[in-house]
Every structure is written in structure tokens, then in C-alpha cells.
Amino acid sequence: MFGNNHRNGSANGSRKRRPPRYSAFSLIKHGVVSTEWPRAWRTCDLRSSYDVVIVGGGVHGLATAYYLARNHGIRNVAVLDKGYLGAGGSGRNTAILRSNYLTPEGVRFYDRSMELYRHLAADLNFNVMFSRKGHLTLAHNDSSLRTMRWRAEVNKHVGVDSEVIDPAQVKELVPYLDVSTDTRYPILGALYHPPGGIIRHDAVVWGYARAADAHGVHLHQRTEVTGIEVQNGRVVGVRTNRGRIATPVVLNATAGWSTLISDMAGVRTPVQTFPLQAAVTEPVRPFLHAVVVSGSLHVYVSQTDRGELVFGASVDPFASYSMRGSLEFVEGLAGHVLELMPALSKMRLMRQWAGLCDMTPDYSPIMGETPVEGFYLDVGWGTYGFKAGPVSGEAMAETIATRRRPEIIAAFGLDRFAEGALVGEKGAAAVGH
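Note that the coordinates shown come from a computational prediction; the quantities given were computed from them, not determined experimentally.

## Quick look at the nonpolar core
Residues I54, F109, V204 and Y208 are the most contacted members of the largest nonpolar core, which totals 65 residues. Looking at this core, the element that brings in the most residues is helix α3 (residues 59-72), giving eight residues. Excluding anything up to four places from it in sequence, Y208 contacts V59, L62, A63, Y66, Y67, L120, L124 and P390. Counting residues in hydrophobic clusters, the runner-up holds 27 residues, among them I165, F287, L297 and L344.

## Quick look at the pattern of salt bridges
Inspection of the entire model under this criterion finds 15 salt bridges. R405 is the salt-bridge partner of E369, the closest N and O atoms lying 2.6 Å from each other. One end of the pair, E369, is in strand β19 (residues 366-369); the other, R405, is in the loop between α11 (389-402) and α12 (416-419), and 36 residues separate them in sequence. Note on E369: relative accessible area 36%, which makes it partly exposed.

## Here's the deal with the sheet that holds strand β10 (residues 225-231)
Read from one edge of the open sheet, three strands run β10-β11-β12, paired in antiparallel fashion. On the outer flanks of this sheet lie β10 and β12 (243-246), each paired with one strand and no other. Mean inter-strand twist for the sheet, computed between neighbouring axes without regard to direction, equals 25°. Direction of pairing for β10 relative to strand β11 (residues 234-240): antiparallel, over a ladder of six bridges. Bridge assignment links I228 to a residue of β11, and that residue is V238.

The rules behind these values
- Residues numbered from 1 in each chain as written.
- Predicted model: local features only at pLDDT ≥ 70, side-chain atom pairs only at ≥ 80, totals over all residues.
- Heavy atoms only, no water.
- Core = buried A, V, L, I, M, F, W, Y, C linked by side-chain atoms within 4.5 Å.
- Buried < 20%, exposed > 50% of the residue type's maximum accessible area, 1.4 Å probe, protein only.
- Helix = DSSP H or I, 4+ residues; strand = E, 2+ residues; numbered from the N terminus.
- Contact = heavy atoms within 4.5 Å.
- Salt bridge = Lys/Arg side-chain N within 4 Å of Asp/Glu carboxyl O.
- Pairing = 2+ DSSP bridges.
- Axes fitted to C-alpha atoms, helices over the stretch in contact; angles between N-to-C directions.

Any link to function would need more than the numbers given here.
Right, dumping it as C-alpha cells:
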């Protein structure tokens, strides 16, 4: 299926290139002398054929390309994006990382991603700015508190560090939270997940892109897929605005646009697309040293290394491909944030944005093969896809290379919906950023 000339590199440019390394002197020189920085990745001509075509130039698509080349020696790979790399969900999320999910399958899966994220800077030779802050999911009623205890026990069983803490411990971790008992939404406790944190999302995109390019992968921006050719039940090619590509393998890693690409191959998926909005404040002196989430209030907040507060909520209540912000969202978000931390009332909101989320009925992804041979899915990520980027790339690369779904994503296949074997993650994924 995969030719040896592309596995080991060839004279046409697919041989592995080492990512550039800079000494302290060279960095200073570039900063003060008007010399051009070398490009992080190449601009390549579009070949007439590739062993693998990946649709979607976000973290999932780039990570899959990187691990295909590094782990399996498959370098004749094209990553196509109709915009620029990271233009979709990878550049429009709130960059929160955690693994304290509800089902054993979900916990193991996201914990592997956290492990890869912790070593990603060294692996890619690129500073992805991972900051371990700890993650707090607040409980405002007895029902929420029971769910937190449930999640904590599942996490501990799988070996993930999570525990339920009381309001006094919550106050110690985040002094600005109002933990008094006379509020509208009193804090009865929280699920505390110490390994959780934040990361620089665009740095992750750039790091994977540079590393994939160094292994010979072709990255094609402004390349829109207009059709997928299927003959006798198997993929044979992809049509784009720049020409046709012959290929036996296509991976759909397009997040909010996933159903449009799947429809081109004749594959139906139980996915709906919803906008997800977020906002950021002016930078202030660091004071929030944990990620704070409230499922009851549909809000989450963290502070970046630059001092900005990043806020988000649940998806909009209607299916849409719109990525415009709304005043209604900002008003509701601000009110809920002030319920938790009244002292933030004087902070100024600087900007807001929206991304697209492809939601499945059980709030778990769809990964692996489809009824069309050679057409693979890495979709259905809802509001939680960014934190799964590394493990998804690793698992999908193995799936494509071996034609077998690895155990870590065995439960996430498209076939689970026909078999009724759903992986119910709503209790940990609905607003649990």
C-alpha cells in the first residue's frame, strides 16, 4: 500500500529534514539585524498522488501526519487546509488540558494525550508553553457533588490524579472565588485535578507543522477539497481547487466541517455542528493559578501567561456554521463569571470569537475506519478536541499504517452507534473544559 521510495525519503524532497536550531547568539542576531527568519515549513508543489491525504490542517491533522512519518515511516503524506494551518478549531479554542473524564475509556485516552503534551516541547524541539496550573470543576448542588465523586473514583481507578475537595480548600487554591453560603450558586466543593493546565494553542500547531515538514510531509494551505472519489467501495482520489490527487487513503480531520467532507465520500455520521464562543480580557497581574470550571453556570476561566483572562461557556443552543460573536453571549458570560468572582467587575473585555464544534450524541469522538475502504474519521470532537490532539494523531497514524484500530480508541468507532455501545461522556465533557 505504501511505497518504499516514500518511506525512506527520495530525491524529490521527502527525505527527513532536521528542524532548525538556534543558539543564543543567533537569536540575538536575528532580533537586531534585518535578516529574514527561515521559514518554519516549506511551500510545496501539489503532487499528483500521495500515499495519504489528510483533510484539515489543525492539531489533529498535523499530529497524524507527524506520527505517520516519525513512528511508521510513511512520509508521502499531504495535509490540506482550505485556509491556513490552525485556522479552524485549533486556533479558536481556550487551550485547556485535562484528563479527568467520566468513563474509563475517556480517562485513559485523554491521560495518554496529557502524557504526550508534557513531553511535546522536547519531542518537537519547539516551546509549546505548557503550564500546569491544576483544574477545578465546581459543584453547586448535591447532584453535581455526587458526579464529582463518581468522576474522582473513576479517575483514581485508572491512575489519574483527581480528588474532591471542600470549599475551604477551593478558597485556598483560588482566593478570589466567593465560597460563602449566601450566594445564589454556593460552592459545595470541587473536583480537583492537579495535572490540568493550559498551553499555547498556536505554538502546538506550529510545532507539529514544522516537525511534520522536517520528516517530508507536504503542508498545503489554501487548498480546498471539493470532492472525494470513491470506486467500488474504496477511496481512489481527492479533488481540490488546485487539481486532482490520486490517493488510497483519506483522513477526515476537519472538526466543525466534518459532515461536509464525510458526505463527499458517501459516509453519514451522527454529528451536528454548533458555534462555541469565547472571550478574553485585558492583561492583569497573574492572580488565577488554576483553571476554574462551573458546569452549572456553563462557564470556565483561566489566565494566560500574559495575564489575560480567557472565558468560555457551552455551545450555542442552535446548530449553525456562524463564527460571529454575540452580545447575548457576553452578557450571560459576564454575569456568571461575576457570580463566582465578584472582584472582576472592573476588568475590561477586549475581544470575543467563536469556533465550530461537531457534536455527537454521546459527547465522544468518532475515530477509525468507515464502510468506505481507505476513508478514515477523526471527528466529533465537540468542545474538547484540542486537548486530545497528540493522542488522536498517534492513534490515527497507527490505524492508517496497520489498518487496525488500536485499543486506546477501540470504543470510539463509527460502528458503536449501530450497535448501541455509546460512550457517555456528557457528565464530564458538556462544559467541562
